Amino acid sequence: MKTLIVGGAGYIGSHVVREFLDRGHGVTVFDNLSSGKRENLFPEAEFIHGDILDYTGLSRAASGRRGGFDAVVHLAAFKAVGESMVNPEKYSVNNINGTINILNAAVEGNIKNIIFSSSAAVFGQPEYLPIDEAHPTNPESYYGFTKLEIERFLGWYDKLKGIRFAALRYFNAAGYDVKGRIKGLESNPANLIPVIMEAACGMRETVQIFGNDYDTPDGTGVRDYVHVSDLAIAHAAALEYTSKNDKSITVNLGSESGISVLEIVEAARRITGKPIPARIVGRRAGDPAKLTAASKKAHELLHWTANNSDLDTLIKTSWDVYQKPRR
Ligand code: WQD
């Protein structure tokens, strides 16, 4: 299939591009390289340096390819939860306006499928665990709100314009390509595993552990970490689903197992052989004690399981990339 991957130079996007190329899909990457990296681009994929807020350029890209695209994969969004609470304007413009541009460009270009990076952030504080797709959506952050609103736009464009969507609600994406082909590090990461990796390789002094007084076995926060290679596979399966069945879906993507902050720090010390200094600080606002996914729907509809999401693979594949000398 011919695919336009918007945000394809980013952390998750580049893994999706690699997976699609491996499966023989045609790929055009559209990215403004604001957080995406040139080193994440593959020569087999066409690259268009463009911005989703430039509608003319975007619609030209979406309509321009001879024969058109079968699908657009949309991974171009800001994703820092804390930042979205102090600068919601930035998230309104990029995440919401940007997505509307993508949807309108898809209509113009007669693209019939869209695969969208949604997030577990649409759920907010858990009312029960594990979180299935029927769990109430009550986002705690403006970031999560933008993702939920976009899911609603997708529903309308499905109904009115026949664009089938897959909204993939990622839990905690982590790890790097299991075959080591993606090397771009995220700049200024705030997520736990990259922060730990930076401490392991001397890019930062210490890891702050946000609270050890939660109601969890070791007192630290428990999350559902899903390997980015597993996420990439799910995107390919989702495209197959929407295009073959002419139907939209919203699914959770998680490993269905919970790992604590301390377990991750300890595994990282063991695997890297580095001391990784860590200190307990206060809780981070808005953090629930525990979040785990029920991914039954993804198993059933996409025949997908998070096969690479065990703790050691998450850490080892990350460490392989962080260890590489650069510049
Ligand atoms: C994981 C755990 C922290 C950093 C976020 C978004 C979510 C989704 C994934 C995109 C928590 C603890 C973290 C640190 C720490 N994003 N932690 N020290 O908050 O679970 O999820 O990313 O859609 O929407 O909210 O991920 O990696 O920030 O935190 O102790 O320096 O690690 O408290 O328990 P989070 P995270």
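Residues numbered from 1 in each chain as written. Predicted model: local features only at pLDDT ≥ 70, side-chain atom pairs only at ≥ 80, totals over all residues. Heavy atoms only, no water.

Student: Is there a simple way to explain the environment of Asp-70 in this structure?
Tutor: Position of Asp-70 relative to the elements: it lies in the loop between α2 (55-64) and β4 (71-74). Residue Asp-70 is classed as partly exposed on the basis of its relative accessible area, which comes to 30%. For the pair Asp-70 and Asn-95, spaced 25 residues apart in sequence, the C-alpha to C-alpha distance is 23 Å. With sequence-adjacent residues up to four places away left out, Asp-70 is seen in contact with Met-1, Lys-2, Ile-111, Lys-112 and Asn-113. There is a polar contact of 2.7 Å between the side chain of Asp-70 and the backbone nitrogen of Lys-2. (Helix = DSSP H or I, 4+ residues; strand = E, 2+ residues; numbered from the N terminus. Buried < 20%, exposed > 50% of the residue type's maximum accessible area, 1.4 Å probe, protein only. Contact = heavy atoms within 4.5 Å. Polar contact = N/O pair within 3.5 Å; in protein donor to acceptor, adjacent residues only side chain to side chain.)

Student: Looking at this model, I keep getting lost on the pattern of salt bridges. Mind explaining?
Tutor: Considering all chains together, one arrives at 18 salt bridges under this definition. For Glu-240, the salt bridge goes to Lys-244, with nearest N and O atoms at 3.2 Å. Here Glu-240 and its partner Lys-244 are both found in helix α7 (residues 228-245), four residues apart, which amounts to about one turn of the helix. Judged by relative accessible area, Glu-240 falls into the partly exposed class, the value being 38%. Put simply, Asp-312 and Arg-270 hold a salt bridge, and the shortest N to O gap is 2.9 Å. Of this pair, Asp-312 sits in helix α10 (residues 311-323) while Arg-270 sits in helix α8 (residues 261-272); the two residues are 42 residues apart in sequence, bridging distant segments of the chain. (Salt bridge = Lys/Arg side-chain N within 4 Å of Asp/Glu carboxyl O.)

Student: Where do I start with the site of the ligand in this structure?
Tutor: Inspection of the region around the ligand gives 18 residues, with Ser-119, Tyr-143, Gln-208, Arg-223 and Asp-287 positioned closest. One of the side-chain N or O atoms of Asn-191 is found 3.1 Å from an oxygen atom in the ligand. In this structure, an oxygen atom belonging to the ligand sits 2.6 Å away from a side-chain N or O atom of Asp-287. For the ligand, whose accessible area on its own is 680 Å², the fraction buried by protein is 87%. Mapped onto the shell around the ligand, the elements with two or more residues apiece are α6 (192-200) and β8 (207-210). Looking at which element gives the most residues to the shell around the ligand, the answer is β8, with three residues. Across the shell around the ligand, the residue classes tally to 10 nonpolar, five polar and three charged. (Near = heavy atom within 4 Å. Areas by Shrake-Rupley, 256 points an atom, 1.4 Å probe, with all protein chains shown as cover. Nonpolar A, V, L, I, M, F, W, Y, C, P; charged D, E, K, R; others polar.)

Without other data, these values stay purely geometric and don't point to any function.
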